[in-house]
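# Summary of structural features
Below, each chain spelled out in residue letters.
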Amino acid sequence: DYRQRLDLRKLKITTGNGKRASTKFTKLRDCTNRNGELFIVEGDSAESGLIQCRDSKLHAILPLKGKVPSIINIKDILDNAEIKDIINALGIGFYPNINISNLRYSKIIILTDADPDGGHIASILILDLAMLVPDLVKTGHLYVAKTPLYSINDPKKGIFLPLWTKEEIDKAVAENKPILRAKGLGEFNPEQLKIFSTDQKTRSLYQVKYTSNLEKLSKLFSDVNTKRELLEGKFKI
């Protein structure tokens, strides 16, 4: 297995003790609850919005501020700061030396933009984590948060309603509702972001399912429609 050729000493991975990680990472905004949730988010603007709407006891935030490489490129993965930060924040070690009981969070949630670039980043993260820390996926701790491309947005009436399907969008258009098209998380204010990210009553999460089938994993890098179906949970990853 090519994963066994990766040198843990080069990665400088923290393994084991399960302690909170706030003092070790400059980018991680940690939570205080051991059963909290870690949001892996795309960019500074999304991080800023989440900081304002999160519960600091329950929600940790780790922003991606650089390119995340595909694990297929071994050299890049060894040198990539984003991947190292994610693995360190999880606290469970690295394949094949993983102790899932040391996981610092109950849910690891990938939160990216609703546009194709955001889908591509989410796809790479799923593939990397499935290969590097497969136990995370096997035990059902990895999720993808669904983010809306279109929403009904009427600030005067205090209405914000994500539109998830073509039928919902068509109905809103027919009823002449005020529609917001926001391809980036940074275009939402903290109250709107909370609705589809941290609020358990209104958000929509997809649990990533594990498979050792590399053919299915490779489909994450196929056409946009197939990628969307995969990320929406129609296939096991």
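Residues numbered from 1 in each chain as written. Predicted model: local features only at pLDDT ≥ 70, side-chain atom pairs only at ≥ 80, totals over all residues. Heavy atoms only, no water.

## Looking at the sheet that holds strand β9 (residues 179-181)
Under the convention used in this document: In this description, strands pair whenever DSSP reports at least two bridges between them. A run of H or I in DSSP counts as a helix once it spans at least four residues, and a run of E counts as a strand once it spans at least two, with each numbered from the N terminus. Every angle, taken between N-to-C directions, lies between 0 and 180 degrees, and every axis is a line fitted to C-alpha atoms, over only the stretch in contact when it is a helix. Any two residues whose heavy atoms approach within 4.5 Å at even a single point are treated as in contact.
On the basis of which strands lie adjacent, the open sheet formed by three strands has the order β8-β7-β9 and antiparallel pairing. Bordering the open sheet on either side are β8 (159-163) and β9, each of which pairs with just one other strand. The mean inter-strand angle of the sheet, taken between neighbouring strand axes irrespective of direction, is 30°. Alignment of strand β7 (residues 150-154) against β8, held across five bridges, turns out to be antiparallel. Along β8, the bridge assignment pairs Asp154 with Ile159. Its contacts with the sheet place helix α7 (residues 166-174) against β7, β8 and β9, and it is angled at close to 135° to β8.

## Some details on unusual backbone geometry
Residue Asn176 is not a glycine yet carries a positive backbone phi of 60°. Tracing the backbone through its elements, the reader meets Asn176 in the loop between α7 and β9.

## A short note on the environment of Phe196
Examined against the element boundaries, Phe196 turns out to sit in helix α8 (residues 190-196). As for Phe196 and Thr147, which are separated by 49 residues in sequence, their C-alpha atoms are 6.6 Å apart. Contacts of Phe196, omitting those with residues within four sequence positions, involve Ala145, Lys146, Thr147, Pro148, Phe160, Trp164, Leu185, Phe188 and Arg203.

## Notes on the side chain of Asn153
Our working definition: Each polar contact in these results corresponds to two N or O atoms within 3.5 Å; when the atoms are within protein, one needs to be able to donate a hydrogen and the other to accept it, and residues that are neighboring in sequence are counted only if both atoms are side-chain atoms.
Checked against the element boundaries, Asn153 lands in strand β7. Looking at Asn153, its side chain comes within polar contact range of the side chain of Gln192, at 3.0 Å. Contact partners of Asn153, with chain neighbours within four places excluded, come to Ile159, Phe160, Pro178, Leu180 and Gln192.

## Focus on helix α5 (residues 116-132)
The criterion, for reference: A helix's residues, less one, multiplied by 1.5 Å, set its expected span. Whether a residue is buried, partly exposed or exposed follows from its accessible area with a 1.4 Å probe, protein chains only, as a fraction of its type maximum: under 20%, in between, or over 50%, in that order.
In a regular helix each residue adds 1.5 Å, so 17 residues correspond to 24 Å; α5 covers 24 Å between its end C-alpha atoms and thus fits that length. Most of α5 is tucked away: 13 of the 17 residues are buried.

## What about the nonpolar core?
For clarity, the threshold we go by: Joining through side-chain atoms within 4.5 Å is the link that ties buried Ala, Val, Leu, Ile, Met, Phe, Trp, Tyr and Cys residues into a set, and such a set is a nonpolar core.
Of all hydrophobic cores here, the largest spans 34 residues; its most connected members are Leu38, Ile86, Leu90, Ile108, Leu136 and Leu142. Residue assignment for this core shows that the elements contributing at least two residues are β1 (37-42), β2 (59-64), α4 (81-90), β5 (107-111), α5, α6 (134-138) and β6 (142-145). Residue contributions to this core peak at seven residues, all from α5. Excluding anything up to four places from it in sequence, Leu38 contacts Leu28, Ala60, Ile61, Leu62, Ala89, Leu90, Tyr105, Lys107, Ile108 and Ile109. With 16 residues, the next largest nonpolar core counts Ala46, Cys53, Leu111 and Leu193 among its residues.

## Re the pairing of β7
For β7, the tally of buried residues reaches four of five residues, placing the bulk of the element in the interior. The turn linking β7 back onto β8 is made up of four residues, and Gly158 within it adopts a positive phi angle of 65°. Bridge count between β7 and β9: three bridges; the pairing is antiparallel. Considered in β9, the bridge of Ile152 is made with Ile179.

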